[in-house]
Amino acid sequence: MTIGRVNPKQRLEDQGISGLGQVHYNLMNPALVEAALKRNEGTLGNGGALLVSTGEHTGRSPKDKFVVRTPSVEDTIWWENNKPMTPEAFDQLHADMLEHMKGGEYFVEDLYGGADPEHRLDVRMVTELAWHGLFIRHLLRRPSREELDSFVPEYTIINCPSFQADPEKHGCRSSTVVALNFDQKLILIGGTEYAGENKKSVFTLLNYILPGKGIMAMHCSANHAIDNPVDTAVFFGLSGTGKTTLSADPSRTLIGDDEHGWSDKGTFNFEGGCYAKTINLSAEAEPEIFATTTRFATVIENMVFDPETKELDFEDDSLTANMRCAYPLEYISNASETSLGGHPKNIIMLTCDAFGVLPPIARLTPAQAMYHFLSGFTSKVAGTEKGVTEPEPTFSTCFGAPFMPRRPEAYGNLLREKIAKHGATCWLVNTGWTGGAYGVGSRMPIRSTRTLLTAALDGSLNDAEFRKDPNFGFEVPVHVDGVAEVLLDPRKTWSVNEEYDAQAQKLVAMFADNFAQYVPFIDDDVKAAAIG
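Quantities reported herein were computed from a predicted structural model and do not represent experimental measurements.

**Notes on the side chain of Thr-394**
Link 1 in the chain: Tracing the backbone shows Thr-394 in strand S24 (residues 392-395).
Link 2 in the chain: Note on Thr-394: relative accessible area 15%, which makes it buried.
Link 3 in the chain: Each residue touching Thr-394, except ones within four places of it in the same chain, is listed here: Gly-376, Phe-377, Thr-378, Ser-379 and Lys-380.

**Examining the sheet that holds strand S19 (residues 324-328)**
Sheets are built from strands paired through backbone hydrogen bonds, the pairs being either parallel or antiparallel.
Link 1 in the chain: With mixed pairing, the five strands of this open sheet are ordered in space as S3-S4-S18-S19-S17. With partners counted over all chains shown, the strands left at the sheet margins are strand S3 (43-44) and strand S17 (273-277), one partner each.
Link 2 in the chain: Looking at chain direction, strand S4 (residues 50-52) and strand S18 (residues 299-301) are connected through three bridges and run parallel. Looking across to S18, one finds that Leu-51 is bridged to Ile-300.

**What about the UniProt feature "binding site: Mn(2+)" (unreviewed entry) in the protein chain?**
Link 1 in the chain: Here, UniProt's "binding site: Mn(2+)" (unreviewed entry) annotation points to Lys-200, His-219 and Asp-258. Across 59 residues, the annotated set stays spatially compact, with a maximum C-alpha separation of 10.2 Å.
Link 2 in the chain: Turning to its location among the elements, His-219 is positioned in strand S12 (residues 216-225).
Link 3 in the chain: In this structure His-219 comes out as buried when scored by relative accessible area, which is 2%.
Link 4 in the chain: If we skip the residues at most four places from it in the chain, His-219 touches Lys-200, Phe-203, Phe-235, Phe-236, Gly-237, Leu-238, Ser-239, Lys-243, Asp-258, Phe-399, Gly-400 and Phe-403.
Link 5 in the chain: Structurally, the position occupied by Asp-258 is in the loop between strand S14 (252-256) and strand S15 (259-263).
Link 6 in the chain: Here Lys-200 takes part through its side chain, which lies 2.6 Å from a polar atom of the side chain of Asp-258.

**Notes on the environment of Thr-278**
Link 1 in the chain: Within the secondary structure, Thr-278 is located in the loop between S17 and helix H8 (287-292).
Link 2 in the chain: Considering only alpha carbons, one finds Thr-278 and Glu-409, 131 residues apart in sequence, at a separation of 34 Å.
Link 3 in the chain: In this structure, Thr-278 is in contact with Met-303, Phe-314, Met-323, Arg-324 and Cys-325, ignoring residues within four places of it in sequence.

**Remarks on unusual backbone geometry**
Link 1 in the chain: Not every positive phi belongs to a glycine, and Lys-185 is a case in point at roughly 55 degrees.
Link 2 in the chain: For Lys-185, the location among the structural elements is in the loop between strand S10 (177-181) and strand S11 (186-190).
Link 3 in the chain: Lys-185 sits in the partly exposed class, given a relative accessible area of 34%.
Link 4 in the chain: Positive phi is not limited to glycine here, since Phe-399 has a value of about 55 degrees.

**Examining the domain arrangement of the protein chain**
Link 1 in the chain: Considered domain by domain, the protein chain is made up of domain 1 (2-43 + 57-213), domain 2 (216-262 + 343-529) and domain 3 (274-331).
Link 2 in the chain: Taking the mean C-alpha position of each, domain 1 and domain 2 sit 32 Å from one another.
Link 3 in the chain: On the domain 2 side, the residues contacting the 21 residues of domain 1 number 20 residues.
Link 4 in the chain: Here domain 1 packs against domain 2, burying approximately 2,100 Å² in sum over the two surfaces, 55% of which is carbon and sulfur.

**Details of the sheet that holds S11**
Link 1 in the chain: Taken together, the nine strands give an open sheet; going across it, the order is S1-S2-S7-S8-S9-S11-S10-S5-S6, and neighbouring strands pair in mixed fashion. Of all strands in the sheet, those with a lone pairing partner are strand S1 (2-4) and strand S6 (83-85), marking the two edges. Adjacent strand axes in the sheet meet at a mean angle of 25 degrees when their direction is disregarded.
Link 2 in the chain: Sheet topology places strand S5 (residues 65-68) next to S10; three bridges connect them, and they run parallel.

**Some words on the packing of aromatic side chains**
Link 1 in the chain: Under the counting rule described, the total for this entry stands at 21 aromatic pairs.
Link 2 in the chain: For the ring pair Phe-377 and Phe-395, a centre distance of 5.3 Å and an interplane angle of 50 degrees mean the geometry is tilted. In this pair, Phe-377 sits in strand S23 (residues 377-380) while Phe-395 sits in strand S24, placing the two residues 18 residues apart along the sequence. When sorted by exposure, Phe-377 lands in the same class as Phe-395, which is buried.
Link 3 in the chain: One cation-aromatic arrangement involves Arg-295 over Tyr-331; the distance from NZ or CZ to the ring centre is 3.9 Å.

**Focus: the pairing of S5**
Link 1 in the chain: Burial of S5 is two-sided: the residues Lys-65 and Val-67 facing one way and the residues Phe-66 and Val-68 facing the other way are all buried.
Link 2 in the chain: Sheet analysis places S5 next to S6, joined by three bridges and oriented parallel. Within S6, the position partnered with Phe-66 by the bridge is Lys-83.

Rules used throughout
Residues numbered from 1 in each chain as written. Predicted model: local features only at pLDDT ≥ 70, side-chain atom pairs only at ≥ 80, totals over all residues. Heavy atoms only, no water. Helix = DSSP H or I, 4+ residues; strand = E, 2+ residues; numbered from the N terminus. Buried < 20%, exposed > 50% of the residue type's maximum accessible area, 1.4 Å probe, protein only. Contact = heavy atoms within 4.5 Å. Pairing = 2+ DSSP bridges. UniProt positions renumbered as here; feature names shortened; annotations may be inferred. Polar contact = N/O pair within 3.5 Å; in protein donor to acceptor, adjacent residues only side chain to side chain. Domains from an automatic or database assignment. Buried area = accessible area lost by both parts, 1.4 Å probe. Axes fitted to C-alpha atoms, helices over the stretch in contact; angles between N-to-C directions. Phe/Tyr/Trp six-rings, centres within 6.5 Å; stacked < 30°, edge-to-face > 60°. Lys NZ or Arg CZ within 6 Å of the ring centre and 35° of its normal.

And the structure:
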């Protein structure tokens, strides 16, 4: 039985998916909330939010992600970073998943990936869980009801958590699988209820497709000055570095919090919503995001709540430190109506340094920006990936290695060309530890980070006095109004300077060892900017 609104020539049967039970097409938020509650997928929270648990998987499973190896992508996929799957194994996985789905109730959402109509991707999401349909309606961009009548999906994603993959039959690692087939324009997800796999699958697609058109795909948040899209800033960073928090600045217009493109016309959001971490979220520090947790249809993921009052506990991480909320962009009062911006005037590279070595902000030359972009140094924050329970220092190239199908230089060279063409100023911002490494020091005060970013974005920081960092070679401000000077010199925040020096040399050596893999592919000026 077909329920809902859909292009009559583009039902699932027209894609070879038959034998299902009830199929709901393009239900809107109230109907999806109603369906999720009726199916016991979640609990109704305060304000009409939907409270859900993702079970065993409370983060992404990057070790279970595969790309089908075919001649058309053989020379363009970065195979050292993307596990291959044979076409035969994928076909078997596809057939077995469709057989498993027969007779079941499914939810279909036809959506856009990308705010720029010229470069957007038409995506069909087929989900076993009603709340996954609600989640992806928030996170991607919603066509008008009239546009649905002629919507033709270019890519289809099927997410069936109850399906368990067989490593021997399906060429995968475990019962969980995320398999991308660029030839068939099809992604299969099984064995996980973690909704983030849905949005990151679309991001991975765009990260492959857009660079081929000369468009930079970026794992970043973005905002612009109020009524002035020309003054755009982008914030690169892995999960937990502050992309969402720092871009949601009430004094600027939010373009988006996680995934963007940079074309010849400027920046554009890939998404239509936000997926914010809620651990230690407070109304005082982040009022706009906090307010979304009691808005209708916001998806509250893996949070402990009072069974009687439904009050959320923002400090209890017993389920996971990766607790989150998903909501549409319009729930943020200063969000852009178009999700479009100009060419970035400032580029912020966010790092969460668990060693406590890096300064809170540093100015980068274009060559240094390329170096730090390719290095992608940060820390995996607890809960963002399966098995990560405390901050782990890591190098994630392009600040998003798990989502990069192409070699890093493809993205790095695009970024470098655009920085040179449009004259962006680049900054490295550490939101990690100060006064010592993780376990000894403390997190960088967010108030200080915001003050430094404001000075960077309004241009006043460029007028400050800078010193050259002896370990990393970048420029660090000596004094900024409103920020304790001791914070600007990390060595002075440590109780024993010699311990800082040893930790700094350890990190310098890690940078050098990691960057050796890129040296054959980069120009001399970037080699000269290399550390160590």
